[in-house]
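# Geometric and topological summary
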Amino acid sequence: MPRTRTTHCPSCDTAGLVATSNPSILNCKHCHGLWFEDGSLNQAIAQQHDFIDQYNHELHLGPALRTSDRLCRRCRVPMTHYQLLAHYATEIDCCPDCDGVWLDKHEVDQVMLSPKLKQALTDLNQKVSWKSWLFQFLTAMPVEYNIRPHRTPWVTRTLVVLCGLIFGASQLSPAANEWVFLNLALNSDTQSPTHFVLQLLTYQFVHGGLMHLAGNMYFLWIIGDNLEDALGHTAFLGIYLFMGAMAALAELLLFDTSQGPLLLVGASGSIAALFGLYLMWFRHASLTFMIIIYQKKLAPQWYFLIWSLINLFGMLTAQGGVAWVAHLGGFMLGLLLGYLLRDYIFRKNPLIAMLNEPEAVVQR
Ligand SMILES: [Zn+2]
Ligand SMILES: [Zn+2]
């Protein structure tokens, strides 16, 4: 069989292949798929990533699935369908003879990002270990499994430090504690509108007890980093404070002030709103849930469903001391905002978008 190179497109059956700036990569002018001569795909992937010098995509391919109905443009033999990664079900065509690769237009970005996809899916698919078991057994806090953020979460860290400092200051003396609650907590009796608006922001940094602080800060720490990475620092901070203020207004709306003024403190409302964003953008992440000694990774929708039911129960049975409405109101606002910003976040973060595709395989 003659090994002549043709301009025949393996996909759309036209003579549409034209060379790109790299002569080993050809582009079909009709279907916009790409043909990669042996080795050129590895080069192209390596060029996309600063941290990769050499790449061998064949090493990461999932199983060979079946013979393709497309022919190699060089060897004229049927190509083979391979799954892109063991946990990413995009199917690409590889030639069994010359190792040339054909990518349909929609597959190009997925393949170019495949080293990052592979790392992310490895992180998401990690199994619970004795360490995660021991951590949750001792602290009663969930362990989070998600992708690693690209940016350092400076805003998240600063929020945690500020909450810690304000709590520490309030513990110095009874007078200090009184000052913090009088000035920074949200009080429905506050007369000055300016002061009230400021309190809508400052109440988010005040906590009534060490467990209240520790629980809130732990959740902010584990989910804030990914959200800050997806949104960018400034947008994350703005959304966090705005949603916290809205959660307080929700609590105030349903609060019966005839029983005395509402005094509200804590980051719980803001963090409940972050739960909503998280659920909308990181559906493949996991939070562990523990029943006595049995630990299980749960998808965010299941984890936050259980959390919502606990809050709903608290609200309906009117358990005092916890701002149930602020939690649920914040969470619903977060879900709404998360839904509205989904397309924006996915355009801005192609990796997060790809992980939300049905091709991503996560086992819990
Ligand atoms: Zn074509
Ligand atoms: Zn071939």
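Residues numbered from 1 in each chain as written. Chains lettered and ligands numbered in written order. Predicted model: local features only at pLDDT ≥ 70, side-chain atom pairs only at ≥ 80, totals over all residues. Heavy atoms only, no water.

## Concerning the coordination of the zinc ion (ligand 1)
The textbook angles at a metal center are 109.5 degrees for a tetrahedron of four donors and 90 or 180 degrees for an octahedron of six. Under the convention used in this document: Each metal site lists N, O and S donors within 2.8 Å (3.2 Å for Na, K and Ca). With water left out of the atoms, a site can look as if it is missing ligands. Key to geometry: four donors with every angle between 85 and 135 degrees are tetrahedral; four donors are square planar and six octahedral where opposite donors lie over 155 degrees apart and all remaining angles lie between 65 and 115; all other sites are irregular. A 1.4 Å probe rolled over the protein chains alone gives each residue an accessible area, and that area as a share of the maximum for its type sets the label: buried under 20%, exposed over 50%, partly exposed in between.
At the metal site, the zinc ion (ligand 1) is ligated by Cys-9 (SG), Cys-12 (SG), Cys-28 (SG) and Cys-31 (SG), and these contacts range over 2.2 to 2.3 Å. In this structure, the zinc ion (ligand 1) is surrounded by four donor atoms whose angles at the metal cover 104 to 122°, and the resulting shape is tetrahedral. Between consecutive donor residues of the zinc ion (ligand 1), the sequence gaps follow C-x2-C-x15-C-x2-C. Given a relative accessible area of 24%, Cys-31 falls into the partly exposed group.

## Considerations on the sheet that holds strand 12 (residues 294-298)
This is how it is decided: Pairing between two strands is assigned when DSSP locates at least 2 bridges connecting them. Starting at the N terminus, helices and strands are each numbered in turn, a helix being any DSSP run of H or I of at least four residues and a strand any DSSP run of E of at least two. In this description, contact between two residues means that some pair of their heavy atoms is separated by no more than 4.5 Å. Each axis is a line fitted through C-alpha atoms, and for a helix only the stretch in contact is used; angles between axes span 0 to 180 degrees, taken between their N-to-C directions.
If you trace the three strands from one edge of the open sheet to the other, you get 8-11-12, paired in antiparallel fashion. The strands lining the two open edges of the sheet, one partner per strand, are strand 8 (144-145) and strand 12. In the sheet, strand 8 pairs with strand 11 (residues 286-291) via two bridges, with the strands oriented antiparallel. Across the sheet, Tyr-145 pairs through a bridge with Ser-286, a residue of strand 11. This element, helix 11 (residues 300-316), spans strand 11 and strand 12 of the sheet and lies at about 50° to strand 11.

## Notes on the coordination of the zinc ion (ligand 2)
Coordination of the zinc ion (ligand 2) by the protein comes from Cys-72 (SG), Cys-75 (SG), Cys-95 (SG) and Cys-98 (SG), over a distance range of 2.2 to 2.3 Å. For the zinc ion (ligand 2), the four donor atoms in the first shell make angles of 106 to 114° at the metal, a pattern classed as tetrahedral. Each donor residue of the zinc ion (ligand 2) lies on the same chain, and together they follow the pattern C-x2-C-x19-C-x2-C. With a gap of 26 residues between them, Cys-72 in the loop between strand 4 (64-71) and strand 5 (78-85) and Cys-98 in the loop between strand 6 (88-94) and strand 7 (101-103) connect regions that are remote in the sequence. Its relative accessible area of 0% is what places Cys-72 among the buried residues.

## Some thoughts on the packing of aromatic side chains
Aromatic ring pairs are reported here in terms of the distance separating the ring centres and the angle at which the planes meet. Note the cut-off: Only Phe, Tyr and Trp rings take part, Trp by its six-membered ring, and two of them pair if their centres are within 6.5 Å. Stacked means planes under 30 degrees apart, edge-to-face means over 60, and tilted covers everything else.
Under the counting rule described, the total for this entry stands at 13 aromatic pairs. Relative to Phe-137, the ring of Trp-133 has its centre 4.7 Å away and its plane inclined at 10°; by these criteria the two rings are stacked. Remark: Phe-137 and Trp-133 occur in helix 4 (residues 130-139); sequence separation between them is four residues, near one turn of the helix. Residue classification places Phe-137 among the partly exposed positions, given a relative accessible area of 43%. Geometrically, the ring pair formed by Phe-275 and Trp-307 is edge-to-face, given 5.1 Å between the ring centres and 85° between the ring planes. Here Trp-307 lies in helix 11 and Phe-275 lies in helix 10 (residues 268-281), a separation of 32 residues in the sequence. On the basis of relative accessibility, which here comes to 17%, the residue Trp-307 falls in the buried class.

## Considering the domain arrangement of the chain
Applicable threshold: An automatic or database domain assignment provides the domain bounds reported here.
The domains assigned to the chain are domain 1 (17-103) and domain 2 (123-355). In this structure, domain 1 and domain 2 have C-alpha centres spaced 44 Å apart.

## With respect to unusual backbone geometry
A negative phi angle characterises most non-glycine residues, just as the trans form characterises most peptide bonds. Phi at His-32 is positive, roughly 65°, even though this residue is not glycine. For His-32, a relative accessible area of 41% corresponds to the partly exposed category. For Ala-140, which is not a glycine, the phi torsion comes out positive at approximately 65°. A relative accessible area of 64% means that Ala-140 is categorised as exposed.

## A short note on the layout of surface pockets
Put simply, the rule is: Points on a 1 Å grid over protein atoms alone make up a cavity when a 1.4 Å probe fits among them but cannot get out, and a pocket when they form an open set with protein on both sides within 12 Å along at least five of seven lines; lining residues each have an atom within 4 Å of a point. Grid points are joined across faces, edges and corners, and a volume is the space filled by probe spheres set on the points.
Considering only enclosed or pocket space, the largest pocket measures out at about 1100 Å³ in volume. The wall of the largest pocket is formed by 40 residues, among which Ser-268, Asn-311, Val-322, Trp-324 and His-327 lie closest to the centre. Contributing elements (two or more residues each) for the lining of the largest pocket: helix 8 (210-231), strand 10 (263-264), helix 10, helix 11 and helix 12 (324-348). If you tally residues by element for the lining of the largest pocket, the top one is helix 11, at six residues.

## A closer look at the packing of helix 9 (residues 233-253) against helix 10
Quick reminder of the rule: Convention used here: angles under 35 degrees read as roughly parallel, angles over 145 as roughly antiparallel, angles from 65 to 115 as roughly perpendicular, and any remaining angle as oblique. Note on convention: near helix rotated counterclockwise from far helix by under a right angle means a left-handed crossing. Clockwise means right-handed. Residues were grouped as follows: Ala, Val, Leu, Ile, Met, Phe, Trp, Tyr, Cys and Pro as nonpolar; Asp, Glu, Lys and Arg as charged; and all remaining residues, including Gly, as polar.
At a minimum axis distance of 8 Å, the contact between helix 9 and helix 10 shows a crossing angle of 120°. Judged by the angle between their axes, helix 9 and helix 10 are oblique. Pair helix 9 / helix 10 crosses with right-handed handedness. Contact with helix 9, carried on its side by Phe-236, Ile-239, Tyr-240, Met-243, Gly-244 and Ala-247, involves Gly-269, Ser-270, Ile-271, Ala-273, Leu-274 and Leu-277 of helix 10 and no other residues of that element. Split by residue class, the contact of helix 9 with helix 10 holds nine nonpolar, three polar and no charged.

## A look at the pattern of salt bridges
Quick reminder of the rule: Within this document, salt bridges are pairs made up of a side-chain nitrogen of Lys or Arg and a carboxyl oxygen of Asp or Glu, the two lying within 4 Å of each other.
One pass over the structure, following the stated rule, counts seven salt bridges. As a salt-bridge pair, Glu-91 and Arg-66 come within 2.5 Å of each other at their nearest N and O atoms. One end of the pair, Glu-91, is in strand 6; the other, Arg-66, is in strand 4, with 25 residues separating them in the sequence. Here Arg-70 and Asp-93 are joined by a salt bridge, their closest N and O atoms 2.8 Å apart. Linking Arg-70 in strand 4 with Asp-93 in strand 6, this pair joins segments that are 23 residues apart in sequence.

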